[in-house]
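Tertiary structure, described
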Amino acid sequence: QSLPQQKLLTWLSVLECVEVFAEMGTARVWGEMGRWTIIVLIQLAKAVLRLLLLLWYKAGIQTSPPIVPLNREQQQPLHPQDMEDNSSGKDQTYVGRRSNRVVRSLQSTPSLQSRHWGSPQQREESQSRRAEEMNQPPTPLGLQETIAESIYITRPLLHLLSLGVWGQRSWKPWLLSAVLDISSLSLLSDLKDLNRRERAELRRRTILLLYYLLRSPFYDRYSEGRILLLLRLLADYVPGVGFVTRPLMDYLPAWQKIYFYNWG
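The structure presented is a predicted model; accordingly, all values stated were derived computationally and were not measured.

Considering the overall build of the protein
Across its full length, the protein carries nine helices and two strands. Per-residue burial over the protein gives 34% buried out of 264 residues. If you take every contact in the protein between residues at least 6 apart in sequence, the share linking residues at least 24 apart comes to 70%. Total accessible area on the protein stands at roughly 17,300 Å², and carbon and sulfur atoms take up 62% of it.

Printed below as a string of structure tokens:
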């Protein structure tokens, strides 16, 4: 990736990290008008950055989060003593004569900080597999797939525009957003030879369709009573589950009102 593309991904990641805090903080200081203003500005900035990545840098299907979190366990460098053992040619493994099981030899046991419970071959294979996945280029998108990804990127802006036109109690913004999400997934379903990250992103988007059960006005009219009843039954009749469900029942109404938790 080029340096400008990395900067765009970094800014996009920062926006996704601070969007909920910005919404809640602005609502506390400037009220509802300030809250919706910051929501529109953040969604507009995210859409512009994503469209630049899609159309200018050909980034393909964009994942969330934009920058994959670093797995520090797999990125741990070898201890200097381990490197000396490797350079000296000492055998790192021992193969059992009867079981044929591969175990680490005592001479090549690493330090506690860099120790892991798999065989050296497993660690090398996992590191090489992860490096290969990280270095895989994005799948080229045709016209249909580019339109589908553009629909997914601009869906938040169209949803906000429909909220401003028809209001928060109307079904039209809910239906418009659902149609756009389903249309985008349907157009992308024909794309073959996706890499692992892109397939995981499409699965994530499909699972997130369940959020429509928690989004107003569907939640206010149909889901709220049923979900709270189910959580209450689990808390009363299933031992130990109440430690999770009772705080969730208290938190759900507040969570449902935060735009970036619910629609972001």
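Section: helix H1 (residues 3–56)
Taking 1.5 Å of rise per residue, 54 residues should cover 80 Å, yet H1 covers just 14 Å from first to last C-alpha, more than 12% shy of that figure. Along its length, H1 reaches its greatest deviation from straightness, about 145 degrees, at Trp30. Directly after H1, the chain includes Lys58, whose backbone phi takes a positive value near 55 degrees.

Brief notes about the pattern of salt bridges
Taken as a whole, this structure holds nine salt bridges when the rule is applied. Salt-bridge contacts for Arg35 lead to Glu32; the nearest nitrogen and oxygen are separated by 3.1 Å. Separated by three residues within a single helix, Arg35 and Glu32 lie in helix H1, roughly one turn from each other. Look at Arg35 and you get buried, because its relative accessible area is 9%. The closest approach of N and O atoms between Asp181 and Arg155, which form a salt bridge, is 3.7 Å. Of this pair, Asp181 sits in helix H5 (residues 172–188) while Arg155 sits in helix H4 (residues 143–166), and the two are 26 residues apart along the sequence. Linked by salt bridges that have partners in common, Glu149, Glu201, Arg204 and Arg205 make up one network.

Comments concerning the packing of aromatic side chains
Each aromatic ring pair is characterised by the separation of its centres together with the angle its planes make. Per the stated rule, a full pass over the model turns up ten aromatic pairs. A ring pair is formed by Trp171 and Tyr222, whose centres lie 6.1 Å apart and whose planes are at 55 degrees; its orientation type is tilted. Pair noted here: Trp171 is in the loop between H4 and H5 and Tyr222 is in helix H7 (residues 218–237), with a separation of 51 residues, a long-range link. Relative accessible area serves as the criterion here: at 23%, Trp171 is assigned to the partly exposed category. A centroid spacing of 5.3 Å and a plane angle of 40 degrees characterise the contact between Phe218 and Tyr222, whose relative ring orientation is tilted. With Phe218 and Tyr222 both in helix H7, this residue pair falls four residues apart, about one helical turn. Owing to a relative accessible area of 21%, Phe218 belongs among the partly exposed residues under this scheme. Among the aromatic residues, those joined into a cluster by ring pairs are Trp171, Trp174, Tyr212, Phe218, Tyr222 and Trp263. Over the face of the ring belonging to Tyr212 we find Arg215, whose NZ or CZ atom lies 4.5 Å from the ring centre.

Overview of helix H6 (residues 196–207)
Under the 1.5 Å per step criterion, the end-to-end length of H6 is 17 Å for twelve residues, consistent within 8% with the ideal 16 Å. By the burial criterion, the buried members of H6 are Glu198, Glu201, Leu202 and Arg205. An end-on view of H6 places all buried positions within 95 degrees of arc, on one side of the element. In H6, the exposed residues that point more than 90 degrees away from the buried face are Arg203 and Ile207. Residues of H6 that are buried make contact with H4 and H5.

Side note on the packing of H4 against H5
One can describe the packing of H4 onto H5 by two numbers: an axis separation of 9 Å at closest approach and a directional angle of 175 degrees. Considered as vectors, H4 and H5 are oriented roughly antiparallel to each other. Packed against H4, whose contacting residues are Gln144, Glu145, Ala148, Glu149, Ile151, Tyr152, Arg155, Leu158, His159, Ser162, Leu163 and Trp166, the element H5 presents Lys172, Pro173, Leu176, Ser177, Leu180, Asp181, Ser184, Leu187 and Leu188 at the interface. Of the residues that constitute the contact of H4 with H5, the class distribution is eleven nonpolar, five polar and five charged.

Topic: the nonpolar core
A general feature of soluble globular proteins is that nonpolar side chains tend to end up buried together. Ranked by size, the top nonpolar core spans 13 residues in total, and within it Ile39, Leu160, Tyr212, Tyr259, Phe260 and Trp263 carry the most contacts. For this core, the secondary structure elements donating two or more residues are H1, H4, H5 and helix H9 (259–262). Counting the residues that make up this core, at least three belong to each of domain 1 (3–66 + 138–214) and domain 2 (223–261). In this structure Leu160 touches Trp36, Ile39, Val40, Gln43 and Tyr259, once residues within four positions along its chain are discounted.

Points about a nonpolar patch on the surface
On the surface, Leu229, Leu230, Leu233, Leu234, Tyr237 and Val238 cluster together into a nonpolar patch covering about 570 Å² of accessible area. With respect to the helices and strands, Leu234 occurs in helix H7.

Conventions and cut-offs
- Residues numbered from 1 in each chain as written.
- Predicted model: local features only at pLDDT ≥ 70, side-chain atom pairs only at ≥ 80, totals over all residues.
- Heavy atoms only, no water.
- Helix = DSSP H or I, 4+ residues; strand = E, 2+ residues; numbered from the N terminus.
- Buried < 20%, exposed > 50% of the residue type's maximum accessible area, 1.4 Å probe, protein only.
- Contact = heavy atoms within 4.5 Å.
- Areas by Shrake-Rupley, 256 points an atom, 1.4 Å probe, with all protein chains shown as cover.
- Expected span 1.5 Å × (residues − 1).
- Bend = angle between axes of the 7 residues up to and from the residue.
- Salt bridge = Lys/Arg side-chain N within 4 Å of Asp/Glu carboxyl O.
- Phe/Tyr/Trp six-rings, centres within 6.5 Å; stacked < 30°, edge-to-face > 60°.
- Lys NZ or Arg CZ within 6 Å of the ring centre and 35° of its normal.
- Arc of directions from axis to C-beta.
- Axes fitted to C-alpha atoms, helices over the stretch in contact; angles between N-to-C directions.
- Parallel < 35°, antiparallel > 145°, perpendicular 65-115°, else oblique.
- Nonpolar A, V, L, I, M, F, W, Y, C, P; charged D, E, K, R; others polar.
- Core = buried A, V, L, I, M, F, W, Y, C linked by side-chain atoms within 4.5 Å.
- Domains from an automatic or database assignment.
- Patch = residues over 30% accessible without salt bridge, like charges linked within 9 Å, V, L, I, M, F, W, Y side chains within 5 Å.

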